[in-house]
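# Descriptive analysis of the structure
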Amino acid sequence: MLNVLYEDNHVLCVEKPVNIPSMEDDSHDEDLLSLCRVYLKEKYNKPGNVYCGLIHRLDRPVGGVMVFAKTSKAASRLSDSVRRHELKKEYLAVLDGVPKQQHGTLEDYLVKDTNTNMVTVTDAAHGKKCILHYDILQIKGNRTLVHISLDTGRSHQIRVQFSSRGLPLVYDQRYNKHAGRGQIALYAYRLTFPHPTKKEPVTVQHLPPREDPWNDFEVNL
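Residues numbered from 1 in each chain as written. Predicted model: local features only at pLDDT ≥ 70, side-chain atom pairs only at ≥ 80, totals over all residues. Heavy atoms only, no water.

Under the 1.5 Å per step criterion, the end-to-end length of helix 2 (residues 72-83) is 17 Å for 12 residues, consistent within 8% with the ideal 16 Å. Every buried residue of helix 2 is listed here: Ala74, Ala75, Leu78 and Ser81. Down the axis, helix 2 shows its buried residues gathered within 120° of arc, on one side only. Exposed positions of helix 2 whose direction lies more than 90 degrees from the buried face are Ser72, Lys73 and Arg83. In this structure, the buried residues of helix 2 make contact with strand 2 (11-16), strand 4 (63-69) and strand 10 (186-194). Within two residues after helix 2, His85 carries a phi angle of roughly 60°, on the positive side. (Helix = DSSP H or I, 4+ residues; strand = E, 2+ residues; numbered from the N terminus. Expected span 1.5 Å × (residues − 1). Buried < 20%, exposed > 50% of the residue type's maximum accessible area, 1.4 Å probe, protein only. Arc of directions from axis to C-beta. Contact = heavy atoms within 4.5 Å.)

Here you go:
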């Protein structure tokens, strides 16, 4: 069942469940964009195809807040907001390890191998610049709960930037050599964007599930 967090005539904000693609991919598994279209079709009893515009994506194993456009005008304006870096994405993550600094900014150039779907750190001539900011919220043993805000939204950015510094995300099967079995500890918990018609900022947030490893920490909005 779709968890709707915010909705008006122009936008639809929902919680993306883990392990569901943001949109249809080669797996042809059930995807969030299709679920949103079904929800709109049934709620408003609309005949034929229903418009729902994809504005941004989350990696398949990552859950959290996403915004979709209910009209083409809203989609165009929200997409412009993305290009102008006005759509602010904030994440919670649990790291395997403890950063040396309480607060920090990570800057790297990343490149993606489309054959392996792996992202690696490279130089300015071959990669795209990626910037994130983090704050330590809590430390439990050798695990650290961090708040992350992005200046850029590259594929696998958070996972690779921390992993390349010896601080991989807990249960990240792709970039953590000692991941073990579990759901990757990365969650898109807050999204802020200018409303496509009212222009005023809209903030939508949702906490990660109270499951391992999140339940080891006091996570508050």
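In this section: the pattern of salt bridges. For the coordinates displayed, the defined rule picks out 13 salt bridges. Residue Glu90 pairs with Arg190 through a salt bridge whose shortest N-O separation is 3.3 Å. One end of the pair, Glu90, is in strand 5 (residues 88-96); the other, Arg190, is in strand 10, and 100 residues separate them in sequence. Each member of the pair, Glu90 as well as Arg190, is classed as buried. Its salt-bridge partner being Arg143, residue Asp96 comes within 4.0 Å of it at the nearest N-O pair. Of this pair, Asp96 sits in strand 5 while Arg143 sits in strand 9 (residues 143-150), and the two are 47 residues apart along the sequence. Here the residues in one salt-bridge network are Glu7, Lys43 and Lys70, joined through shared partners. (Salt bridge = Lys/Arg side-chain N within 4 Å of Asp/Glu carboxyl O.)

The next thing to look at is the packing of aromatic side chains. By the definition in use, this model includes one aromatic pair. Between Tyr134 and Phe162, the ring centres sit 5.8 Å apart and the planes meet at 65°, which makes this aromatic pair edge-to-face. You can see Tyr134 sitting in strand 8 (residues 128-140) and its partner Phe162 sitting in helix 3 (residues 157-163), a full 28 residues away along the chain. Here Tyr134 falls in the buried class, since its relative accessible area comes to 6%. Above the ring of Phe217, the side-chain terminus of Lys140 is found at 5.7 Å from the ring centroid. Here the basic side chain of Arg143 rests over the ring of Tyr171, its NZ or CZ set 5.4 Å away from the ring centre. (Phe/Tyr/Trp six-rings, centres within 6.5 Å; stacked < 30°, edge-to-face > 60°. Lys NZ or Arg CZ within 6 Å of the ring centre and 35° of its normal.)

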